Amino acid sequence: MSVPATAVTPPLADDLDIVIPTIRNLDFLEQWRPFFQPYHLIIVQDGDPTKTIRVPDGFDYELYNRNDINRILGPRSSCISFKDSACRCFGFLVSKKKYIFTIDDDCFVAKDPSGQEINALAQHIHNLLTPATPYFFNTLYDPFREGADFVRGYPFSLREGVTTAISHGLWLNIPDYDAPTQLVKPLERNSRYVDAVLTIPKGTLFPMCGMNLGFHRELIGPAMYFGLMGDGQPIGRYDDMWAGWCAKVICDHLGLGVKTGLPYIWHSKASNPFVNLKKEYKGIYWQEEIIPFFQSVVLPKDCTTPQKCYVELSKLVKEKLGPVDPYFVKLAGEMVTWIDAWNELNPSADVAPVKKTDAVAPKKK
């Protein structure tokens, strides 16, 4: 008599949401089905809210369009971008899970050099559940990976590491380049698979890409605001990088870790570099002011939560970047609006509950 196999529960199946921004049918999920089907999806539909988005059968999901965003947030919906993938952060706002994985709809399952399909979500989970080492660089990279350890000379007092708040994955095929680089390297493709995960050192910024990203929502979610981009704004394609700069400064302040490297996904579609240049050109100029600003940020010691850190950061954005362009004054205001919305939908012990006029009632499968 055969003994039935014991079902293996996927890691964090009840503690993680997958957030996907989209304007199209989600046929790409068929390729991800073996990895994503056990998890709950939050789909944020951008663009025309009357358009029907088809989701393959068998997935557990909720879908929000612009009408839902306006209904749930009311006047605070002004902080959520329109006609830009920055709208994904609405999914972070309404999730009730501990962890988030977000992916773009033009990203598919990649293969490692041996030809094995990469379970990107499983690698992000591993990254998030193992410590980071932001205070001292380990030359064997991730010491918590199988087959690695801390090298000779690594201080024992720092080997415990810190909690990982962000896991930043990479991409094969179409690189995540800015428009000028796209224009001079139109045929370049990334085929380099680097089998490594690194902790980004404390005090070091990085250009965060939102197409393959995992994070600890409870620890850093309030800082994962993708800014004001797209329709009616003077800038685009800086949404994830803005969130990354803000979140990294706050992670450094709170003693949290950020990792980058594995996992890889297959980025299938190159966006139009001329369209991208129109979106990016002010950002390319402004970032020469933005980066020194973030490098110089010092948050007060009494900022002990990501919410408090983010509100304080918004004041500095208004004060220091406001003179660069009025856009940053508006952005600083919406950063505060974002935190107000976060606190309303996610009341915590140190935030007084706010009465909601609209229950969160999305479309559900």
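Residues numbered from 1 in each chain as written. Predicted model: local features only at pLDDT ≥ 70, side-chain atom pairs only at ≥ 80, totals over all residues. Heavy atoms only, no water.

Undergrad: Would you take a moment to explain the overall build of the protein chain for this structure?
TA: The number of helices and strands found in the protein chain is 10 helices and 10 strands. Over its C-alpha atoms the protein chain spans a radius of gyration of 20 Å, differing by no more than 12% from the 21 Å that the globule rule assigns to 365 residues. The C-alpha extent of the protein chain, read off along each of the three principal axes, is 65 × 55 × 50 Å. Considering only contacts in the protein chain between residues 6 or more positions apart, those separated by 24 or more positions represent 75%. Accessible surface, the protein chain: about 16,900 Å² in total, of which carbon and sulfur atoms supply 55%. Averaging the locations of the 39 positively and 42 negatively charged side chains of the protein chain gives two centres separated by 2 Å. (Helix = DSSP H or I, 4+ residues; strand = E, 2+ residues; numbered from the N terminus. Rg over C-alpha atoms; globule rule 2.2 N^0.38 Å. Contact = heavy atoms within 4.5 Å. Areas by Shrake-Rupley, 256 points an atom, 1.4 Å probe, with all protein chains shown as cover. Lys, Arg positive; Asp, Glu negative; His and termini not counted. Charge placed at Lys NZ, Arg CZ, Asp CG, Glu CD.)

Undergrad: Sorry, what's going on with the packing of aromatic side chains here?
TA: Within a pair of aromatic rings, the relevant descriptors are the distance that separates the centres and the angle that separates the planes. Evaluation of the coordinates by the stated rule reveals 22 aromatic pairs. Consider the rings of W245 and F294, whose centres lie 6.0 Å apart with planes at 45°: the pair is tilted. Of this pair, W245 sits in helix α7 (residues 239-254) while F294 is found in helix α8 (residues 273-296), placing the two residues 49 residues apart along the sequence. Note on accessibility: W245 and F294 belong to one class, buried. Site record: aromatic cluster; members linked through ring pairs are Y238, W242, W245, W286, F293, F294, Y327 and F328. Positioned above the aromatic ring of F156 is the side chain of R159, whose terminal nitrogen or guanidinium carbon lies 3.8 Å from the ring centre. (Phe/Tyr/Trp six-rings, centres within 6.5 Å; stacked < 30°, edge-to-face > 60°. Buried < 20%, exposed > 50% of the residue type's maximum accessible area, 1.4 Å probe, protein only. Lys NZ or Arg CZ within 6 Å of the ring centre and 35° of its normal.)

Undergrad: How should I be thinking about unusual backbone geometry in this particular structure?
TA: Each neighbour pair has its own omega, and for L262 with P263 the value is 10°, a cis peptide bond. By secondary structure assignment, the location of P263 is in strand β9 (residues 257-267). One non-glycine residue, K83, lies in the positive phi region at around 60°. Mapped onto the elements of the fold, K83 is located in the loop between α2 (66-73) and α3 (89-94).

Undergrad: Even after reading the chapter, I still don't get the pattern of salt bridges, so can you show me in this structure?
TA: Opposite charge on two side chains makes pairing possible when the charged atoms of those side chains draw close. Scanning all chains against the criterion turns up 13 salt bridges. The residue D17 makes a salt bridge to K97 at a minimum N-O spacing of 3.1 Å. In this pair, D17 sits in strand β1 (residues 16-22) while K97 sits in the loop between α3 and β4 (99-103), placing the two residues 80 residues apart along the sequence. Each member of the pair, D17 as well as K97, is classed as buried. A salt bridge links E344 to R76; the shortest N-O distance between them is 2.3 Å. Separated by 268 residues along the polypeptide, E344 in helix α10 (residues 326-345) and R76 in the loop between α2 and α3 bring together distant segments of the chain. (Salt bridge = Lys/Arg side-chain N within 4 Å of Asp/Glu carboxyl O.)

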